Amino acid sequence: MDQKTSRYAIIKDMLKAAFKIDKPRDWQMDIIYQLCYETSTSLCVQKTGGGKSLLVLGTMALLRGVAIVIEPLKSIGTDQAASARAACPAGMHAFDVDGLTKDESEDVIGQLRNLGKETTSAVVLYMSPQSLGEDRPWGNLVDLLLEQSLLRLVAFDEADSVPEDGFVFRREFALLRPRLVRKVQKAAYKVAMLAMTA
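Keep in mind it's a predicted model, so treat the numbers as computed, not measured. (Residues numbered from 1 in each chain as written. Predicted model: local features only at pLDDT ≥ 70, side-chain atom pairs only at ≥ 80, totals over all residues. Heavy atoms only, no water.)

## Side note on the packing of aromatic side chains
Across all of its chains, the model carries two aromatic pairs by this definition. Note on Tyr8 and Tyr33: the rings are 4.9 Å apart at their centroids and 20 degrees apart in plane angle, and the pair reads as stacked. On the criterion of sequence distance, the pair formed by Tyr8 in helix 1 (residues 3-19) and Tyr33 in helix 2 (residues 26-37) is long-range, its members being 25 residues apart. The class for Tyr33 is buried, based on a relative accessible area of 8%. Geometrically, the ring pair formed by Tyr33 and Tyr37 is tilted, given 5.4 Å between the ring centres and 40 degrees between the ring planes. Here Tyr37 and Tyr33 lie together in helix 2, a separation of four residues that amounts to about one turn. Following the ring pairs from residue to residue traces out a cluster consisting of Tyr8, Tyr33 and Tyr37. (Phe/Tyr/Trp six-rings, centres within 6.5 Å; stacked < 30°, edge-to-face > 60°. Helix = DSSP H or I, 4+ residues; strand = E, 2+ residues; numbered from the N terminus. Buried < 20%, exposed > 50% of the residue type's maximum accessible area, 1.4 Å probe, protein only.)

## So, the confidence of the model for the protein chain
Here the protein chain shows a mean pLDDT of 89. Residues at 70 or above account for 94%. Taking the mean pLDDT of every element in the protein chain, the minimum, 75, falls on helix 7 (residues 171-174) and the maximum, 97, on helix 2. (pLDDT = per-residue confidence, 0-100.)

Here you go:
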């Protein structure tokens, strides 16, 4: 068995053990492989309800550390976090950042500060672009995670809402470049990135 085949077997076994999925779709296997073993920047275009959320959870079940998932609307982040919490295996935690109070945010951030880069825990943070504002409790999150080599995955849900040029859906989306993307690109280590849309 060559290395790639062996790694695909690891992914398949993980999905069955952690999420009770016996027959993952080929594209799910391919993208999880790219994110975990090639630390790639990947694009997934699939219909709503087609299984895109498993890409984040499956990747983090292998990589551990922290994932940031940018949601275009706070309500979507709330729904995604609730679904993730219902599906999370032991050792994985999902948070709806926009739904946390200031005290709850500070508590979670404090827990993240105490994680080591060799952590066996996985944390998935679902948040709107506004959460990374400099005046928010989470404003320094990206710097904190990169300094501790904890950020393993950045994902954009409904990625067509994050334009490179032209019409900007919301000002905060335009600010994702300096607040998030450029910092990840300049990091001392490579962070996997995923863009998802329907």
